[in-house]
Amino acid sequence: EPSEALLAARQAKAWCARSARMVTETMVQMLGGIAITWEELAHVRVRRALNMAVNKDEIVKAYYNGNAELFAYPMHPDYHGYYEPLDKMPASVKELFTYDPAKAKKLLAEAGFPGGVTIPMIGYRERPQTEAMVNYLRAAGINADLKFMQYAAMREQHRTNKAGITHQTWGSFN
């Protein structure tokens, strides 16, 4: 039925537009979870510092014209049963989404890196956004040695533990 197909297409387009407006904690993703191979990233304080060093609200305003949402990483709201809204998270999680470069520097020092750290970073798209993150990180004492490459090459580096940090985005774009 043509009218049903048209309705389905409209619904799909609306869902994709909604997804395009959502940014899933558009921050760096630390490689490997618990099995991190980069010494600096093995420290939970360094990983917390990475998150607190980036002004995610400013990125939403500057690069998405305010048409994005920050989620409590790593789950997307469409993952029912797993997603928990940020406002319902404990204070220790909410703190991670607060821009605080001074606290990030303090966490680096507590982790044994009072002079800061240098960590390789790979991006594959959205260069202005990625470079903004690099600048925020640098201001907090984290030198992200940024390289851009094709997605397949970045994924290979990520999967084989050859990337310290990767900037990856989550969602659909239309």
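None of these values were measured; they are calculated from a predicted model.

Student: An account of the overall build of the protein is requested, with residue identities and associated values reported.
Tutor: When you go through the protein residue by residue, the secondary structure sums to seven helices and four strands. A burial count over the protein gives 38% of its 174 residues as buried. Sequence separation of 24 or more characterises 78% of the internal contacts of the protein that already satisfy a separation of 6 or more. Summing over all exposed atoms, the protein offers an accessible surface of approximately 9800 Å²; the carbon and sulfur share of this is 53%.

Student: Quick rundown of the environment of Gln 129? Include the residues and the values.
Tutor: Looking at the secondary structure, you find Gln 129 in helix H6 (residues 127-139). Sequence separation of Gln 129 and His 167 is 38 residues, and the distance between their C-alpha atoms is 9.4 Å.

Student: Lay out H6 with the relevant residues and their values.
Tutor: Along its 13 residues, H6 runs 18 Å from first to last C-alpha, staying within 8% of the 18 Å computed at 1.5 Å per residue. Directly after H6, the chain includes Gly 141, whose backbone phi takes a positive value near 95 degrees.

Student: Please set out the packing of helix H2 (residues 44-53) against helix H5 (residues 101-110) residue by residue, giving values where relevant.
Tutor: Following both chains from N to C, one finds H2 and H5 inclined at 165 degrees, their axes separated by 8 Å at the closest point. In terms of axis orientation, H2 runs roughly antiparallel to H5. Once H2 is placed against H5, the crossing between them reads as left-handed. The residues of H5 that touch H2, namely those facing Arg 45, Val 46, Arg 48, Ala 49, Met 52 and Ala 53, are Pro 101, Lys 103, Ala 104, Leu 107, Leu 108 and Glu 110. For the contact of H2 with H5, the per-class residue count stands at eight nonpolar, no polar and four charged.

Student: A description of the side chain of Thr 166 should follow, citing residues and the corresponding values.
Tutor: Within the element layout of this structure, Thr 166 appears in strand S4 (residues 165-167). A distance of 3.4 Å separates a polar atom in the side chain of Thr 166 from a polar atom in the side chain of His 158.

Student: Outline unusual backbone geometry, supporting the account with residue identities and numerical values.
Tutor: The backbone of Glu 126 shows a phi angle near 55 degrees, a positive value even though the residue is not glycine. Counting through the fold element by element, Glu 126 comes out in the loop between strand S2 (117-123) and H6. Using a relative accessible area of 23% as the deciding quantity, one classes Glu 126 as partly exposed.

Student: Break down the packing of aromatic side chains for me, with residues and values.
Tutor: Scanning the entire structure with this criterion turns up two aromatic pairs. With centroids separated by 5.5 Å and ring planes inclined at 70 degrees, the aromatic side chains of Tyr 99 and Tyr 136 adopt a geometry described as edge-to-face. Here Tyr 99 is found in the loop between helix H4 (91-96) and H5, whereas its partner Tyr 136 is found in helix H6, with 37 residues between them in sequence. Under the relative-accessibility criterion, Tyr 99 is labelled partly exposed at 35%.

Rules used throughout
Residues numbered from 1 in each chain as written. Predicted model: local features only at pLDDT ≥ 70, side-chain atom pairs only at ≥ 80, totals over all residues. Heavy atoms only, no water. Helix = DSSP H or I, 4+ residues; strand = E, 2+ residues; numbered from the N terminus. Buried < 20%, exposed > 50% of the residue type's maximum accessible area, 1.4 Å probe, protein only. Contact = heavy atoms within 4.5 Å. Areas by Shrake-Rupley, 256 points an atom, 1.4 Å probe, with all protein chains shown as cover. Expected span 1.5 Å × (residues − 1). Axes fitted to C-alpha atoms, helices over the stretch in contact; angles between N-to-C directions. Parallel < 35°, antiparallel > 145°, perpendicular 65-115°, else oblique. Left-handed = near helix turned anticlockwise from the far one by under 90°. Nonpolar A, V, L, I, M, F, W, Y, C, P; charged D, E, K, R; others polar. Polar contact = N/O pair within 3.5 Å; in protein donor to acceptor, adjacent residues only side chain to side chain. Phe/Tyr/Trp six-rings, centres within 6.5 Å; stacked < 30°, edge-to-face > 60°.

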